[in-house]
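Okay, here's what each chain looks like letter by letter:
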Amino acid sequence: MAEALLKVAGVSAGYEQQMVLRDVSFEVPEGSLIALLGPNGHGKSTLLRCLSGLLRPTKGTVELAGKRIDNLPADRIVGHGLVHIPQGDMLFPGMSVYDNLLMGVYLPSARVRFEERLKDIYQLLPRLKERTTQLARTLSGGERRMLALGRGLLTGGRLLMLDEPSLGLAPIVIDQIYEVIADLKRQGRTILLVEENASRIIDMADRIHLLDTGTIVWQGDGRELAAQPQILETYLGG
Amino acid sequence: MDYLIQIIVSGLTLGSMYALSAVGLSLVWGSFNCLNMAHGSVMALGAYFTLIAVDSIGFPVWVSLPFAMVGGALVGTAVYYLSVHWMLNTRNYETNIIIATFGIGMVMENGLLKIFGGYPYAQPLTVQGVAGLIGNVPVNYRSIVIWVVAAVLMVALGLLLTRTRAGRAIRAVAQNRDGAKLMGVPVARVYVQVLMLASLLAAVSGILISTTLQIVPYMGANPLLKAFIVICLAGLGNILGALYAALLVGLVEASASTLWAPQYGFPVILVVVILALIWRPEGLFGRVMVARQ
Amino acid sequence: MMRRDYILSAVLLVIAVGLPWLDPPRYLLAQGLLLFCWATVVSQWNLVFGIAGIFSLAQIAIFAVGAYSTAMMGRYLEMNLWYAFPIAGVIGVIFSLLIGLGCLRMRGVYVALLTIAVGQVLFVLIMGDGECSPLNPGICMSFTGGPSGMGGFGGFGWREVLGGRHFIIGDYYSMLGLLILAMAFTFWIIHSRMGLAFKALRDNPELASSRGISRFKYQLLVFALSAFFTAEAGAFFAAHFGSVGPGQLSFTLLLFLISMLIVGGMGRPWGPLLGAFLIMGGDEFLKEAGEWRHIGFGVMLLVFMIFLPDGVAGLIDRVWRRLTTRGGAARAGKAAPAE
C-alpha cells in the first residue's frame, strides 16, 4: 500500500464533560478510499471535526503528509490540503452558487488555474452550471450537497473528507452523489468517507473502520465485512 | 404639500445619517453577535477627529475626512482587541459583550470630556448655504452633501461586500462561520476587518451628524439608540434591510417632528418599531442577507 | 435560604440598624441611605437579569417613573407621600408590564435594545417638555419640570416628627426597610416555583418547556413584580431629596448601577448588596477625580467582563467552595490514621 497521507494516532475528544472519541487511530493511504462506518451519534462527525480543526482534540496527534496538523486552526488546515465537506453542507445561504464556489478558492494557493478547474467541476456536477446565479438557500437538498462537494473540491485539497454525503437525500439523488464519488475515486483522489449505511460503500471502500461509542471496534475491507453478518446486523441494520 | 416635501427632505437627511451607523452596527452583529455599545462613542470620536485634524494639526479641511475615517478604523481595531478578542466563545458572551463595550464607550466618552471639555464645538468640515427651493422648502447644500456622502459610502460598501474577496469572506463568516473556516478564511481577522469597517462608517456618520448639530462628547448616545432601533426594525444582521429601515425611521421621525413637535420624533419611532416587531418578531426584512442555519 | 444566608442577614441587619445609634456623622447616614436605595434597585435588576435572564436596561426608566409619579402626586394632588408610595409602586408595575408585553417575546438582545430606548425616550420627552402647565400656577413650569426637574412635593415627613437634626435617621430607616423588603422578595422569588422554573429553563430549556413551563409567563411576572420595588426605590429617592430630575435617566446612572450589578455578581442573591457597597465605597476615593471616575468605571466593567464575569460574589463562592472541599478532604485525611 502507498504511503499514508493521513495518520490519526490516539485521538480523543469531547464536548464539555462528555468524551465522544476515545483513543482513535487509523491511517488513510494516498489514493485510497477509506470508510468510517457506525451508528448515528457515535462520534463519526466529531472525528471529522477534529481532523479539520473545527474541534480541538483533547489527546492524540493528526498528521497530514508527515506534518502535524492537530494544533492548527481550521483555516490553516485547509491550506495544508485537507478538505472537509461537513454534515449540513455549511453553505453560505445568502450567496449565489457562483459566489459559494468562489469561496472555495478563497486561499491564494487554491486559485491557480481557477477557470480550468471550475470547468472540471461543472463537468463533474453539471447541475451547478445551470444554477450559478441562484442563491444557495433556494437550492434543493441534492443540489446543495453538490455545491458543497464542488466548493470543497475547488479548495484543491489532497484529502477529501465527506460526512454522510447521502444524508437526507432521495435514493435517486444518492445514486448521483455516489456516482460522483466513484468518479473521484477513479481520478485517484484520496477520500475519507463517513457513512451510516454500509450498503453504499461496501464494494467501494478499500478499507472500512467501524466506530462504536467513540472507538474503532472493527476494521477490514468490504469482503471481510460482508462475511460478518452479525456486525452488519448489530451496527448497520443489515 | 410643503409639509410633505419638508418631511421627505429632512427624513432622507436623517435616514442617511442613521443608515451609515446602523449598517455598521448590523454588520458587526451579523459577523460575531456583538451589539457594540461603543459604536456611539466612535461616532463622537469621528467628529472630534476632524476637529483635531483641522484645529490642532492644521490639515486642510478636506483631508480631515479621510483622517477621521482612518482614525475610526483604528479605534474599531482597538475595541476588538480590548473586548471581543478575549470574550468570544465564552459563556453569556452575547450579553457580556454588550456590557463590556458599554464600558469602553463610557471610557471614550469621558475621555473626550476630559480632553476637550463639555462645551460644544462647530464641525469644521461643513458647507453653508441654500442650494435651492423645492416648492417652498429650502434645501441646504449640507443636506445634499449628507445624501451624497451616505449614498457613495453605501454603494461602496455594497460593492465591497459583493464584489471583492475580502467582502465575500465577511459575508461568508456571517452566514456560516464554520463553513468559512473550512474554506480557509481566518475568521478572527475578518472580525477585526468588520469592526474597522463599521467604525469607519460610524466616524463618517458622526461627522455628518455634527454638521447639523454640534460636537459634544455625548453626541453619539442618541444616534446610537436610533441605530439600534433601526437594526431591530430591519432584523438584526440584515444589512440591506438596515439601509431601508434607516430611511424609513428617518421619514417617520421627520413626520412626527414636522407634524407634531420635535421631541415626539423619538417616542413615535420607538412605538412604531415595537408594534412592527410584535407583528414581525424577526424584523421587517427578516434575515435575508445573513441568514444563519 | 441556607444557614449561611440567615447568619449573614442577621449580621448585616444588626450593623445597619445599629449604625444610627453610634451617632455617626450625618454624611455617613446619607451615604448609607443612598447605598440602600441603589442596592434595592440593583437587587431587583439582578432578579430580572441574573435570575430570570431578561437583559432589561429599563430599570432606570422604572426607577424614574416611580420618582416622577411620586413627585407629581405630591405636587399636583397634594397627597401625603406615604399614600403616594404604594400608588407609585403600582404605576411602576403597570409601566413595566407594558414594556414586558411589548418586548419580552423577542430575543434577548432585542430586549436590551428596546428597553434602553424606553429610558432614552422618557429622557427626551422630559428634556423637551417646555410648555407651561396650568397645574403650576404663578410660574411657568412644565408638567414634568423639563430639564431642571421639579421639587416642592414634600418628603417622608420625618422632619416634623424627629426635628431638623434627626430627620435623616427616619429617612435612613425608611430606606433600610425598603431594602429589607426587596431582599426578602429576592430570596422568596429564588426559592419559589418561579425561581425553580427559571433554574429549569436555564439548565434544560427543552425539558422545561416540554413540562409546560412558559418562559414568557414567568419572565413577565418577575419583570412586573420586581418593578414594584424598583419604582418604590425611585419614590423613596424622590422623597428623601425632595426633588426629581431627568438626570435619573442618564447613562451615567446606568453605568453606576450596572457596575454594581457586575462587580457584585449577577445571579447571586448577595451580589447586588456587595456590588453597591464596593462601588459606593470605591466611589468615595474617586469623588475628586472628575471624569476619571467614569473612565474608571468603564475600565472596571471591561475588566470584570473579561476576567470575572460572575463578579466578586462569584469569586467568593469559588474560593469558599475550594476551601470547604479542601478542608473536608484534609479532615478526612486526618481522621483516617486514627481509625
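Residues take numbers from 1 onward in each chain, read along the sequence in its written order. Think of it this way: whatever chain is written first is A, whatever ligand is written first is 1, and the rest follow in order. Reporting in this predicted model follows two pLDDT cut-offs: at least 70 for local features of residues, and 80 or more for side-chain atom pairs to be given and counted; totals over whole chains, interfaces and linings ignore these cut-offs and use all residues. Excluded from the side-chain calculation are hydrogens and water; included are all heavy atoms of the structure.

**Quick notes on the overall build of chain B**
Thinking step 1. Scanning chain B for helices and strands turns up eleven helices and two strands.
Thinking step 2. In terms of C-alpha radius of gyration, chain B reaches 19 Å, essentially the compact-globule figure of 19 Å for 293 residues.
Thinking step 3. Expressed as lengths along the three principal axes of its C-alpha atoms, the size of chain B is roughly 60 × 50 × 35 Å.
Thinking step 4. Relative accessibility decides the category of a residue: with a 1.4 Å probe and only protein chains considered, values under 20% of the type maximum give buried, values over 50% give exposed, and everything between is partly exposed. Buried positions account for 61% of the 293 residues belonging to chain B. Comment: elements are numbered from the N terminus, with helices defined as DSSP H or I runs of at least four residues and strands as E runs of at least two. The globule rule used here is 2.2 Å times the number of residues to the 0.38 power, and the radius of gyration it is set against is calculated over C-alpha atoms.

**Some remarks on the nonpolar core**
Thinking step 1. By nonpolar core we mean a set of buried residues, namely Ala, Val, Leu, Ile, Met, Phe, Trp, Tyr and Cys, connected to one another through side-chain atoms within 4.5 Å. B:F32 and C:W38 are the most contacted members of the largest nonpolar core, which totals 274 residues.
Thinking step 2. Where each domain begins and ends is defined by an automated method or by a domain database. There are two domains that each give this core at least three residues, and those are domain 1 (24–245) and domain 2 (250–330) of chain C.
Thinking step 3. The contact partners of B:F32, leaving out residues within four places of it in the chain, are B:V84, B:L88, B:Y93, B:R177, B:Y191, B:V194 and B:L195.
Thinking step 4. Of all hydrophobic cores here, the second largest spans 27 residues; its members include A:L6, A:I34, A:L48 and A:L64. In what follows, residue pairs with any heavy atoms lying within 4.5 Å of each other are defined as contacts.

**A few points about the interface of chain A and chain B**
Thinking step 1. Each partner contributes to the interface: chain A provides 26 residues, whereas chain B provides 22 residues.
Thinking step 2. Across the chain A to chain B interface the summed buried area is about 2,100 Å²; carbon plus sulfur atoms make up 62%.
Thinking step 3. We define a salt bridge as a side-chain nitrogen of Lys or Arg found within 4 Å of a carboxyl oxygen belonging to Asp or Glu. Where chain A packs against chain B, one counts two salt bridges.
Thinking step 4. Across the pair A:D99 and B:R171 runs a salt bridge, and its minimum N-O distance is 3.9 Å.
Thinking step 5. Between N or O atoms, a polar contact is any pair within 3.5 Å; within protein, one atom must be a potential hydrogen donor and the other a potential acceptor, and residues adjacent in sequence are included only when both atoms are from side chains. Counting across the interface, chain A meets chain B through four residue pairs in polar contact (both at pLDDT 80 or more).
Thinking step 6. At the level of elements, α1 (44–52), α2 (74–79) and α3 (97–104) of chain A are the ones that each hand at least two residues to the side of chain A that touches chain B.
Thinking step 7. Residue contributions to the side of chain A that touches chain B peak at four residues, all from α3(A).
Thinking step 8. Three classes are used: nonpolar for Ala, Val, Leu, Ile, Met, Phe, Trp, Tyr, Cys and Pro, charged for Asp, Glu, Lys and Arg, and polar for all others, with Gly counted as polar. Across the side of chain A that touches chain B, the residue classes break down as 14 nonpolar, six polar and six charged. Two parts placed together each lose some accessible area; with a 1.4 Å probe, that loss summed over both constitutes the buried area.

**Some words on the interface of chain C and chain B**
Thinking step 1. With 37 residues of chain C in contact, the opposing surface of chain B contributes 41 residues.
Thinking step 2. Surface buried jointly by chain C and chain B totals about 3,600 Å² across both partners, of which 82% is contributed by carbon and sulfur atoms.
Thinking step 3. Inspection of the region where chain C meets chain B yields zero salt bridges.
Thinking step 4. In this structure, the connection of chain C to chain B is made through one residue pair in polar contact (both at pLDDT 80 or more).
Thinking step 5. Mapped onto the side of chain C that touches chain B, the elements with two or more residues apiece are α4 (81–103), α5 (108–127), α11 (251–264) and α13 (291–307) of chain C.
Thinking step 6. If you tally residues by element for the side of chain C that touches chain B, the top one is α5(C), at twelve residues.
Thinking step 7. Its residues assigned to classes, the side of chain C that touches chain B shows 28 nonpolar, six polar and three charged.

**A word on the pattern of salt bridges**
For side chains of opposite charge, pairing can occur when their charged atoms come near one another.
Thinking step 1. By the definition in use, this model includes 18 salt bridges over all chains.
Thinking step 2. The salt bridge involving A:R49 is made with B:D178; its shortest N-O contact spans 3.4 Å. A residue pair is termed interchain when its members come from two chains, as with A:R49 in helix α1 and B:D178 in helix α7 (residues 177–182).
Thinking step 3. Using a relative accessible area of 22% as the deciding quantity, one classes A:R49 as partly exposed.
Thinking step 4. Among the salt bridges present, the one from B:K181 reaches B:D178, with a minimum N-O distance of 3.7 Å. Of the two residues, B:K181 and B:D178 are both situated in helix α7; the distance of three residues between them amounts to about one turn of the helix.
Thinking step 5. The network of salt bridges with shared partners includes C:R268, C:D310, C:D317 and C:R318.

**Comments concerning the domain arrangement of chain C**
Residue and element names in this part refer to chain C.
Thinking step 1. In terms of domain boundaries, chain C breaks down into domain 1 (24–245) and domain 2 (250–330).
Thinking step 2. Centre-to-centre, using C-alpha coordinates, domain 1 lies 22 Å away from domain 2.
Thinking step 3. Taken residue by residue, the interface counts 22 residues in domain 1 and 22 residues in domain 2.
Thinking step 4. Both sides of the domain 1 and domain 2 interface together cover about 2,000 Å² of buried area, and 83% of this is carbon and sulfur.
Thinking step 5. If you look at where domain 1 meets domain 2, you find zero salt bridges.
Thinking step 6. Taken together, the links from domain 1 to domain 2 amount to four residue pairs in polar contact (both at pLDDT 80 or more).
Thinking step 7. Where the side of domain 1 that touches domain 2 is concerned, the elements lending two or more residues are α2 (26–51), α5 and α7 (167–191).
Thinking step 8. Top element by residues in the side of domain 1 that touches domain 2 is α2. It accounts for 14 residues.

**Here we look at empty space enclosed by the protein**
Thinking step 1. A pocket, in this scheme, is an open set of points on a 1 Å grid over the protein atoms alone with protein on both sides within 12 Å along at least 5 of 7 lines, while a cavity is a set where a 1.4 Å probe fits but cannot get out; residues line either one if an atom lies within 4 Å of a point. Grid points are joined across faces, edges and corners, and a volume is the space filled by probe spheres set on the points. Taken as a whole and assessed by the stated rule, the structure comprises four cavities of 30 Å³ or more.
Thinking step 2. Its boundaries defined by the atoms lining it, the largest cavity holds a volume of some 100 Å³.
Thinking step 3. If you go around the largest cavity, you meet 14 residues; those closest to its centre are B:M37, B:S41, B:E109, B:L224 and C:F251.
Thinking step 4. Top element by residues in the lining of the largest cavity is helix α4 (residues 93–116) of chain B. It accounts for four residues.
Thinking step 5. Looking at the lining of the largest cavity residue by residue, the classes come out as nine nonpolar, four polar and one charged.
Thinking step 6. Contributing to the lining of the second largest cavity are C:L57, C:A58, C:I60, C:A61, C:T115, C:I116, C:G119, C:Q120, C:L249, C:F251 and C:L254.
Thinking step 7. Of all the secondary structure elements, the ones that give two or more residues to the lining of the second largest cavity are α3 (59–76), α5 and α11 of chain C.
Thinking step 8. Looking at the lining of the second largest cavity, the element that brings in the most residues is α5(C), giving four residues.
Thinking step 9. Tallied by class, residues from the lining of the second largest cavity come to eight nonpolar, three polar and no charged.

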